Amino acid sequence: MDNQGMNKMAKTTSSSSSMVEDDDRISKLPDPLIIHILSSLPTEQVVRTCILSKRWNHIWYSVPTLFFSNNITNISTHRTAKNEVVRKQGRDKFYSCVEKYLEHRKKGMHSIVDSVILTSFTLKMKGYYQTSKAEVLDKWLAFAVENKVKEMYLWIDRDEACDGEDMYDYVFYCLPKIIESARYLTDLELNGVELDTSNFDFPSLKALSLVYVRSSCAVKNGEAFKFLLGCPSLEKLRLHKYYFKRVSSFTEDEVRLESLSLKFLELRDTRYRKLEVEAMNLESLVLIGVTEYEIDISACKKIRNLSLDDNGRNFNLSLHDLISSSPLLENLTLNFCYNYNNHFKISGQNLKSFIFKNCCLNKKRIKSKIKVTIESTPKLEYFYYEGHIDLNMSIEPSNSLNGKIVLFEKDHHVYEGYDAVWFTDLLNFLLNLNCSWNTVILHAKNFESLTWPEKLKKVCRSPLLKWKHLKVNIEYGYAFGVSRKKILALKDSLLWISPSLETLSIDGRKIKIL
């Protein structure tokens, strides 16, 4: 090799070395910043960083978050001999890894770190829990509690060998008594465990989520949520299929939920015939799949956000009573998946936002008899509708609105084309919303669904909608290839619908009006 080649090789080697040094910018960061970055990673990945350099050899001991997950989403749920072997190997490996990590962590904390307070402990066990391993899990949770954990998130599936239709036929992991010592907890999320609420005392707890949780304590009539009195700082409560034992005298499913600090409450698929909520500072209420029961929120006068989702069940709650009980209501969300024959009246002197999702499948193509009237809403600023157009709706705001309309289309429209019935229904639907609008976002599947045939324009009167700024999103739009002729036809139809348009865009592209 000549001198010129040697010099070129030396320059390349020097440049590569320099690039390696320059690329390792993370190691140059201060420890607190590195620890903050590592806190967002699963613990298994955090441990792997110890091989990067001597400096990284012990830094993982100082990470204040622990996140363990068995991650078995790639294993088939079918019970075959091969799958069971794979699952057993994965289960044993998971338990072993967590055990080894906690042992090393204990040693490292005593020898290197003076004092490390755990901010978060997360354990996700999908299909892996065995009753024989209860003591092992107890030890893991004890480690977290002893290190003054602030946030604890537990997702633990029931024992795989168990089966049954009732919640009390399953074998759940029962939280150990050591949890009662976790007085530093601010956030607690439990999924698929059994909980002893007889001595529920968490003075610092601000957020509590109970999903598929079973209480081991028998309660008297109305005292199912008495344990919340042991959480004087609780602000957020989420209950999803929370079950509790009833004493023999408990014949009525009437319960009372009382809290002075609670600001957010979410109830999903709960089984109470009557629920009385006494939370004078409650600001947000979310009800999902509980619409067939009686809920009394008359004591909650500060509710500003209310969301109701029927989850496919019949809606028997009195919407009028719920709204009238909330004089400060600002944001209302309704999600209907059930076909109704009701007239819902929406009103509120402080209502600013109304979101209505009419997701009923209506497979038999029977026109919905649901009727919605929006009136006496002087502060209404935003309206969102998602659903079918065969709906009797009227809106009477006193000021200009901003909003979004997402049109659901039946399959026969998409595949067989849009007939006069479609455009007649669409015209009536838009006429019911004929108020002053500032910005409207309109979402449809095809250009054809919003392009009025010339024959219909001649026999139909324009709705003369009062839209200023219109943004149209077409699901099968530009990305599927659209001719200029289709774009111009859609533009003409939209101007026929609303001659007062000042700006128009289709799939993010501005369209000249004049």
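## Concerning the nonpolar core
Note that soluble globular proteins tend to have their nonpolar side chains buried in a common cluster. Grouped together as the largest cluster of nonpolar side chains are 133 residues, with contacts concentrated most on Phe121, Met152 and Phe225. Excluding anything up to four places from it in sequence, Phe225 contacts Leu239, Tyr242, Val255, Arg256, Leu257, Tyr272 and Leu275.

## A word on the side chain of Ser259
By the secondary structure assignment, Ser259 is in the loop between β11 (254–258) and β12 (264–268). Within polar-contact distance, the side chain of Ser259 engages the backbone nitrogen of Ser261 at 3.4 Å. Apart from the residues lying within four places of it in its own chain, the contact partners of Ser259 are Leu234, Glu278, Ala279 and Met280.

## A word on the pattern of salt bridges
What the rule picks out here adds up to 12 salt bridges. For Glu330, the salt bridge goes to Arg304, with nearest N and O atoms at 3.0 Å. Of this pair, Glu330 sits in the loop between α6 (319–324) and β17 (331–336) while Arg304 is found in the loop between β15 (294–296) and β16 (305–309), placing the two residues 26 residues apart along the sequence. Here Glu475 makes a salt bridge to Lys445, at a shortest N to O gap of 3.5 Å. With Glu475 in the loop between β25 (466–474) and α10 (484–497) and Lys445 in the loop between β24 (436–444) and α9 (454–459), this residue pair connects regions lying 30 residues apart in the sequence.

## So, the sheet that holds β11
The strands making up a sheet associate through hydrogen bonds between their backbones, and the pairing can be parallel or antiparallel. Taken in spatial order, the three strands of this open sheet run β11-β13-β15, and their pairing is parallel. Strand pairing shows two members of the sheet lacking a second neighbour, β11 and β15, which therefore form its edges. In this sheet, neighbouring strand axes are inclined to one another by 15 degrees on average, regardless of whether the strands run parallel or antiparallel. Direction of pairing for strand β13 (residues 274–278) relative to β15: parallel, over a ladder of three bridges. The partner of Glu276 across the bridge, within β15, is Asp296.

## Some details on the side chain of Asp309
Tracing the backbone through its elements, the reader meets Asp309 in strand β16. It turns out Asp309 is buried and unbridged, and the closest side chain with the opposite charge, Arg268, is 5.8 Å from it. At a separation of 2.9 Å, a polar atom in the side chain of Asp309 contacts the main-chain amide nitrogen of Asn311.

## So, the packing of aromatic side chains
Here the distance between the centres and the angle between the planes together describe a pair of aromatic rings. Using the criterion set out here, one finds 21 aromatic pairs in the structure. On the basis of an interplanar angle of 55 degrees and a centroid distance of 6.1 Å, the ring pair of Phe227 and Tyr242 is categorised as tilted. With Phe227 in the loop between β8 (214–219) and β9 (236–240) and Tyr242 in the loop between β9 and β10 (243–246), this residue pair connects regions lying 15 residues apart in the sequence. In this pair, the class of Phe227 matches that of Tyr242, namely buried. On the numbers, 5.2 Å between centres and 50 degrees between planes, the contact of Phe423 with Trp452 is tilted. Of the two residues, Phe423 is situated in helix α8 (residues 420–432) and Trp452 in the loop between β24 and α9; the sequence distance between them amounts to 29 residues. Overall, the relative accessible area of 3% leaves Phe423 in the buried class. The rings of Phe336, Phe344, Phe354, Phe356, Phe383, Tyr385, Phe429 and Trp437 are connected pair by pair, giving a single aromatic cluster. Sitting over the face of the ring of Tyr95, Lys133 holds its NZ or CZ atom 5.0 Å from the ring centroid. The residue whose ring lies beneath Lys236 is Phe264, and the NZ or CZ to ring-centre distance is 5.2 Å.

## Comments concerning helix α2 (residues 31–38)
Within the sequence span of α2, burial applies to Ile34, Ile35 and Leu38. Buried residues of α2 fall within an arc of 100 degrees about the axis and therefore sit on the same side. Turned more than 90 degrees from where α2 packs its buried face, Pro32 and His36 sit exposed. On its buried face, α2 sits against α3 (43–48).

## Re the environment of Arg48
Mapping Arg48 onto the fold places it in helix α3. With 12 residues separating them along the chain, Arg48 and Trp60 place their C-alpha atoms 9.0 Å apart.

About the thresholds
- Residues numbered from 1 in each chain as written.
- Predicted model: local features only at pLDDT ≥ 70, side-chain atom pairs only at ≥ 80, totals over all residues.
- Heavy atoms only, no water.
- Core = buried A, V, L, I, M, F, W, Y, C linked by side-chain atoms within 4.5 Å.
- Buried < 20%, exposed > 50% of the residue type's maximum accessible area, 1.4 Å probe, protein only.
- Contact = heavy atoms within 4.5 Å.
- Helix = DSSP H or I, 4+ residues; strand = E, 2+ residues; numbered from the N terminus.
- Polar contact = N/O pair within 3.5 Å; in protein donor to acceptor, adjacent residues only side chain to side chain.
- Salt bridge = Lys/Arg side-chain N within 4 Å of Asp/Glu carboxyl O.
- Pairing = 2+ DSSP bridges.
- Axes fitted to C-alpha atoms, helices over the stretch in contact; angles between N-to-C directions.
- Lys, Arg positive; Asp, Glu negative; His and termini not counted.
- Phe/Tyr/Trp six-rings, centres within 6.5 Å; stacked < 30°, edge-to-face > 60°.
- Lys NZ or Arg CZ within 6 Å of the ring centre and 35° of its normal.
- Arc of directions from axis to C-beta.

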